[in-house]
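Structural overview for review
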Amino acid sequence: MPKEELVQNIERLKRERGAVILAHNYQPPEIQDIADHLGDSLDLSRIAQRIEQRVIVFCGVHFMAETASILSPDKKVILPEPTAGCPLADMLSLEDLLSLKEKHPDTEVVMYVNSTAEVKAHTDTCCTSANAVKVVEGTPEEREIIFGPDQYLGGWVQRQTGRKMIIWHGFCPSHQKILPAQIEELRERYPDAVVMVHPEVHPEVSRMADEVLGTAGMIRFAGESRAGTFIVGTEIGMVYRLSSLYPEKRFIEASRQAICPNMKKITLEKVFSSLENQEPVVTVPGEIADRARRSIERMIEIG
Ligand code: SF4
């Protein structure tokens, strides 16, 4: 089916099925263009909770669809490509977390939202890159914190807060593709550009940046900044997102290799067929969902 016809059919099916399309900022351009709402994990969780539509087509990765389903158990959450996972989330299993908790019994557990529902069910508070510092600062000062799965986000939060943290050794393979040499070269080529990077990058890279921000923070910062050129140190989908929002400014990817293959598994064809067939649906077993909901709701409350 030609692209235009595919988009028209998606629009039609969306109306017929009473569905809404949510898409993460890292989605391919053609998916960003058909989305009703775009955002980071925190924005999309909030939207999933408050929208009226009963069917959510979640263009992102598995843990995001799981989070939407946990927050809205009465809604049907569809992930157009069921194998779109997050290698970072998979780096910390429930067994890993339980054994950490056993070794460090009197601790608070703060988990990056990029984690499985089982892990969230044994977490005190979830966080996103946007509010991780605030979440950690909000925990009782005398308590140590177990943080996972991302070691670089954890290390960055530890440097900001000075808190004692036991940090799991996960990492995002896509953000690790951004190298210090690439930032150096781009700084030379664009001396007036602002370098903004995501806290999931390697600390050597974040030390070279002007700003360390989650994707929502990048959007805000680029809109408010007087600068005209930005080096964007995160997954490359963000360059399209920022360029669409601020066409008068210039956004350059820090590394063309910083691609999340899982985010790019979602295609227009898959969105169309998932709307037509109303599957694949993502669900989380009741007891896990009930426990995980508490830690996700705390994350949303903290904002
Ligand atoms: Fe997971 Fe990294 Fe892909 Fe985000 S960019 S979904 S953290 S693998």
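Regarding the environment of M238
With respect to the helices, strands and loops of the structure, M238 is situated in helix 13 (residues 237–245). According to the relative accessible area criterion, M238 is buried, its value standing at 0%. For the pair M238 and C260, spaced 22 residues apart in sequence, the C-alpha to C-alpha distance is 11 Å. Apart from residues lying up to four places away in sequence, M238 is in contact with N25, Y26, T215, M218, I219 and V232.

Things to note about the domain arrangement of the chain
Domain annotation for the chain reports domain 1 (3–85 + 263–283), domain 2 (88–172 + 289–302) and domain 3 (175–253). Between the C-alpha centres of domain 1 and domain 2 there is a distance of 26 Å. Residue-level contacts link 12 residues of domain 1 with 17 residues of domain 2. Roughly 1,100 Å² is buried in total at the junction of domain 1 and domain 2, and carbon and sulfur atoms are behind 70% of that figure. Taken as a group, L42, F63 and I70 account for 49% of the area that domain 1 buries against domain 2, more than any other trio of residues on that side. The interface formed by domain 1 and domain 2 includes 0 salt bridges.

Remarks on the pattern of salt bridges
For the structure shown, the criterion picks out 12 salt bridges. Here R143 ties to E108 by a salt bridge, and the two come within 2.6 Å at their closest N and O atoms. Of this pair, R143 sits in the loop between helix 8 (132–137) and strand 7 (144–148) while E108 sits in strand 5 (residues 107–112); the two residues are 35 residues apart in sequence, bridging distant segments of the chain. Judged by its relative accessible area of 12%, E108 falls in the buried class. Here R256 and E253 are joined by a salt bridge, their closest N and O atoms 4.0 Å apart.

Comments concerning the layout of surface pockets
What the largest pocket holds in volume is close to 340 Å³. Lining the largest pocket are 29 residues, with Y26, N114, H175, E200 and M263 positioned closest to its centre. Among the elements of the structure, helix 4 (62–71) and helix 5 (87–90) are those that each provide at least two residues to the lining of the largest pocket. Here the second largest pocket is characterised by a volume of approximately 200 Å³. Around the second largest pocket, the lining residues are Q182, E185, L186, R189, Y190, I252, E253, A254, S255, R256 and Q257. Ranked by residue count, the leading element in the lining of the second largest pocket is helix 10 (residues 180–189), at 4 residues. Partitioning the lining of the second largest pocket into residue classes produces 4 nonpolar, 3 polar and 4 charged.

Re the site of the ligand
Inspection of the region around the ligand gives Y26, V61, C86, P87, L88, N114, C172, E200, C260 and M263 as its neighbouring residues. For the ligand, the cavity whose grid points lie within 2 Å of the majority of its atoms is the largest pocket. Across the shell around the ligand, the residue classes tally to 8 nonpolar, 1 polar and 1 charged. Two domains share the shell around the ligand, each providing at least three of its residues, namely domain 1 (3–85 + 263–283) and domain 2 (88–172 + 289–302).

Examining the packing of helix 3 (residues 41–50) against helix 4
Contact pair helix 3 / helix 4: the axes reach a minimum separation of 9 Å and the direction vectors enclose 35 degrees. Classified by chirality, the crossing of helix 4 by helix 3 is right-handed. Residues S41, S45, A48 and Q49 of helix 3 form the contact with helix 4, whose participating residues are F63, M64, T67, A68 and L71. Of the residues that constitute the contact of helix 3 with helix 4, the class distribution is 5 nonpolar, 4 polar and no charged.

Focus: the packing of aromatic side chains
Applying the stated criterion to the full structure yields 3 aromatic pairs. Ring centres of F221 and F230 lie 6.4 Å apart, and the angle between their planes is 90 degrees; on these two criteria the pair is classed as edge-to-face. Of the aromatic side chains, those joined through ring pairs into one cluster are F221, F230, Y246 and F251.

A look at the pairing of strand 9 (residues 194–197)
Side chains V194 and M196 of strand 9 all project onto a buried face; the interleaved residues V195 and V197 project onto the opposite face, where all are buried too. In terms of strand pairing, strand 9 meets strand 11 (residues 229–233) through 4 bridges, oriented parallel. Each bridged residue has a counterpart across the sheet, and for M196 the counterpart in strand 11 is V232. As judged from the 2 bridges shared by strand 9 and strand 10 (residues 211–212), these two strands associate in the parallel manner. The partner of M196 across the bridge, within strand 10, is E211. Each parallel crossover has a hand, and the one from strand 9 via helix 11 (residues 203–208) to strand 10 is right-handed.

Side note on empty space enclosed by the protein
Under the definition given, this model contains 1 cavity of 30 Å³ or more. By volume, the largest cavity is sized at about 50 Å³. Put simply, the parts of the chain that give the lining of the largest cavity at least two residues each are helix 3 and helix 4. Here the residues of the lining of the largest cavity are counted per class, giving 5 nonpolar, 3 polar and no charged.

Conventions we followed
One numbering rule holds for all chains: residues counted from 1, following each sequence as written. Two thresholds apply to this predicted model, a pLDDT of at least 70 for residue-level local features and 80 or more for giving and counting side-chain atom pairs, whereas whole-chain, interface and lining totals are computed over all residues. To get the side-chain values, all heavy atoms of the structure are used, and hydrogens and water are removed first. Counting from the N terminus, the helices are DSSP H or I runs at least four residues long and the strands are E runs at least two residues long. Relative accessibility under 20% of the residue-type maximum defines a buried residue, over 50% an exposed one, and the middle range a partly exposed one, all with a 1.4 Å probe and only protein chains included. Contacts are assigned to residue pairs with any non-hydrogen atoms lying within 4.5 Å of each other. Domain extents, as shown, originate in an automatic or database domain assignment. Two parts placed together each lose some accessible area; with a 1.4 Å probe, that loss summed over both constitutes the buried area. Definition used for salt bridges: Asp or Glu carboxyl oxygen within 4 Å of a side-chain nitrogen of Lys or Arg. With a 1 Å grid spanning the protein atoms alone, the term cavity applies to any set of points in which a 1.4 Å probe fits but cannot get out, the term pocket to an open set with protein on both sides within 12 Å along at least five of seven lines, and the term lining residue to any residue with an atom within 4 Å of a point. Grid points are joined across faces, edges and corners, and a volume is the space filled by probe spheres set on the points. Basically, the charged four are Asp, Glu, Lys and Arg, the nonpolar ten are Ala, Val, Leu, Ile, Met, Phe, Trp, Tyr, Cys and Pro, and anything else, Gly included, counts as polar. Here, proximity means that at least one heavy atom of the residue falls within 4 Å of the molecule or strand. The way we define it, a molecule is inside a pocket or cavity when more than half of its atoms are within 2 Å of that pocket's grid points. Working convention: axes come from line fits to C-alpha atoms, limited for helices to the stretch in contact. Angles between N-to-C directions cover 0 to 180 degrees. We call a crossing left-handed when the near helix sits turned anticlockwise from the far one by less than a right angle, and right-handed when that turn is clockwise. Ring geometry is summarised as follows: Phe, Tyr and Trp rings, the Trp one being its six-membered ring, pair when their centres sit within 6.5 Å, and such pairs are stacked at plane angles under 30 degrees, edge-to-face over 60 and tilted between the two. At least two bridges found by DSSP between two strands is the condition for calling them paired. Call a crossover right-handed when, viewed with both strands pointing away from you, the route from the first strand across the helix to the second goes clockwise.

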